[in-house]
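Architecture and fold: a report
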Amino acid sequence: MHQLTIIGLGASDFEQLQIGVYRKLQQAKKIYVRTIDHPVLNELATEGIEFESFDYIYEKHDDFRPVYEEIVETLLSYVEKEDIMYAVPGHPLVAELTVQLLIKAEKEGKVKLNIEGGQSFLDPIFGALRIDPIDGFQLVDGATFSSHEVNMKQHLLIAQVYDTFSASEVKLTLMEKYREDYPVTIVTAAGSKGEKLRTVPLYELDRAAEIDNLTTVYVPPVTNRDGALREWSTFREIISTLRGPNGCPWDQQQTHESLKRYMLEEVHEFLQTVDEQDDEHMIEELGDVLLQVFLHAQIGEDEGFFNLEDILEAVSTKMIRRHPHVFSDVTVDSVEEVNANWEKIKSKENANGEIPEPLLKGEYRAASSLQTSYNYQRRAAKVGFEWPTTEGVWEKFSEELQEFRAEVANGTNETRLDEFGDVLFTLVNIARVYKISAEEAMLHANRKFASRFGYVEAQVMAGKKDFKAYKFEELDAFWNEAKSEGGK
């Protein structure tokens with residue numbers, strides 16, 4: 001098997017080329033370069049060193065991935081016949097996808113590689129920017145990185161920013177986290193005689209004339225809390241501070257138990273914004289729900305039982321496990337099949353050796369009796385404990401209503417409570433059968449009552465200013481006016 005030697009041309013001009021790399025290039029019999037667009041190659045050509053570039057492959061494709069794949073396929077075909085050298089910009093193992101694809105081919109036994117050195121663009125970049133990487137930095141590909149990957153508190157270097165279009169894509173991605181006037185530095189030809197640094201506000205990134213294939217974009221760390229409010233770690237630090245020694249006395253005293261009612265309230269308030277289709281308030285209310293999650297996580301960490309990472313691992317593992325049709329090789333053709341698989345997986349999760357867990361275990365919701373009732377009846381229905389027709393559901397409701405009326409006439413408070421519970425239970429079952437959330441329906445009814453009663457109260461205050469001064473019929477008339485105003 002012939003050998004493919006990969007060598008790095010460095011990050012700048014001929015004066016910065018390592019002497020060892022220069023000598024190997026002189027001795028090489030056959031040299032291929034990924035692109036001729038590198039300042040070193042002009043000097044090498046004047047000294048009689050011959051090479052062939054793969055620039056023609058770039059012209060055949062609209063995306064970089066197929067370009068790099070074809071370059072690798074071509075190199076593999078060449079090395080079958082003779083030893084060859086492949087020269088790339090910078091260091092072969094820094095931001096060079098063709099080399100990574102060749103390494104993959106080597107692991108598959110398709111080629112024998114010899115990877116030589118070459119200065120990466122990182123050293124001159126650090127020197128030009130006067131930064132120490134030990135403070136923490138990220139190097140990302142401008143063509144593929146996501147704002148979710150960015151740590152705003154570290155130095156951020158963005159490579160593969162080579163023209164106005166790529167700079168515009170980078171700008172839009174960064175603006176998902178950074179403010180639009182955040183200062184970013186455009187570094188061109190770092191370490192060479194043509195080195196240029198220009199700092200601009202983020203919104204001007206794609207308007208800079210200096211952008212070319214030797215460009216790297218630098219985003220400095222955010223050093224103040226207010227500038228990093230879109231960073232998850234910032235919110236975690238805020239909650240930790242609130243619970244810490246110098247934090248808020250109220251937050252310090254909270255427990256899982258004391259926060260239960262707040263979690264319920266915040267969820268209900270979010271559900272209201274969904275009904276109102278109010279995006280701005282959704283953001284606010286989801287933030288309040290998230291606050292509750294982080295508070296519980298911090299309490300768990302403070303008490304030494306669990307932390308946020310435990311929560312993330314548990315829910316991530318569950319989602320991957322319960323979605324084999326997404327994360328594995330299971331095939332489904334409908335939502336019904338997805339639900340069936342979900343129940344099978346849950347059943348396996350709940351199994352305890354050969355003794356299955358009680359079917360209703362885990363369905364109780366302390367914060368909502370309506371939701372608990374729904375959960376119980378849904379779970380029972382899934383194993384066949386269900387009326388064969390909806391007529392049976394209605395008949396059961398009528399039966400329970402008659403029993404309750406009988407207890408109202410002749411029963412005790414205890415028996416009335418029992419029978420009224422049965423009425424509510426059958427009503428929840430009716431809601432389930434017709435795919436109505438009893439919880440949401442009750443929330444809707446409460447909001448509707450509050451709105452209409454608010455109208456009644458406003459009429460009272462605009463008139464005699466005292467409810468006792470009105471007969472019920474008059475108040476009921478106000479109520480009907482409110483219904484007419486609201487349309488329902």
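Everything numeric here is computed off the predicted structure, so don't read it as measured data.

**Side note on the sheet that holds strand 9 (residues 196-201)**
Judged by pairing direction, the sheet is mixed, and its five strands sit side by side in the order 6-7-10-8-9 without closing on themselves. With partners counted over all chains shown, the strands left at the sheet margins are strand 6 (137-141) and strand 9, one partner each. Adjacent strand axes in the sheet meet at a mean angle of 25°, parallel and antiparallel pairs treated alike. The pairing of strand 7 (residues 155-159) with strand 10 (residues 215-219) spans three bridges and is antiparallel. Counted as the bridge partner of Leu157 is Tyr218 from strand 10.

**Observations concerning the UniProt feature "domain: NTP pyrophosphohydrolase MazG-like" (unreviewed entry) in the chain**
Under the UniProt annotation, the feature "domain: NTP pyrophosphohydrolase MazG-like" (unreviewed entry) is placed at residues 254-327 and 396-452. Secondary structure across residues 254-327 comprises 81% helix and 0% strand; the distance between its end C-alpha atoms is 38 Å. Across residues 396-452, helical content stands at 89% and strand content at 0%; the span's end C-alpha atoms are separated by 32 Å.

**Focus on helix 15 (residues 369-382)**
With 14 residues, helix 15 should reach 20 Å at 1.5 Å per residue; the first-to-last C-alpha distance of 20 Å fits that figure. Thr372, Ser373, Asn375, Gln377, Arg379, Ala380 and Ala381 are the residues of helix 15 that are buried. Positive backbone phi, at 100°, marks Gly384, one or two positions downstream of helix 15.

**Focus on the confidence of the model for the chain**
The predicted model of the chain averages 88 in pLDDT, with 97% of residues at 70 or higher. Taken element by element, the chain is modelled with least confidence in strand 11 (residues 351-352), mean pLDDT 52, and with most confidence in helix 9 (residues 249-253), mean pLDDT 95.

**Here's the deal with the environment of Asp278**
When you line up the elements, Asp278 lands in the loop between helix 10 (260-276) and helix 11 (279-302). Distance in space between the C-alpha atoms of Asp278 and Leu197 is 45 Å, their sequence separation being 81 residues.

**Observations concerning the nonpolar core**
Leu156, Ile158, Leu174, Tyr178, Leu205 and Val219 are the most contacted members of the largest nonpolar core, which totals 23 residues. Within the residue set of this core, elements represented by two or more residues are strand 7, helix 7 (164-174), strand 8 (183-188) and strand 10. Here this core takes three residues from helix 7, the largest share from any one element. Apart from residues no more than four positions distant in its own chain, Val219 is found in contact with Gln154, His155, Leu156, Ile158, Leu174, Tyr178, Tyr182 and Val184. Judged by nonpolar contacts, the second largest core, of 22 residues, contains Tyr32, Leu75, Ile84 and Val99.

How each quantity is defined
Residues numbered from 1 in each chain as written. Predicted model: local features only at pLDDT ≥ 70, side-chain atom pairs only at ≥ 80, totals over all residues. Heavy atoms only, no water. Pairing = 2+ DSSP bridges. Helix = DSSP H or I, 4+ residues; strand = E, 2+ residues; numbered from the N terminus. Axes fitted to C-alpha atoms, helices over the stretch in contact; angles between N-to-C directions. UniProt positions renumbered as here; feature names shortened; annotations may be inferred. Expected span 1.5 Å × (residues − 1). Buried < 20%, exposed > 50% of the residue type's maximum accessible area, 1.4 Å probe, protein only. pLDDT = per-residue confidence, 0-100. Core = buried A, V, L, I, M, F, W, Y, C linked by side-chain atoms within 4.5 Å. Contact = heavy atoms within 4.5 Å.

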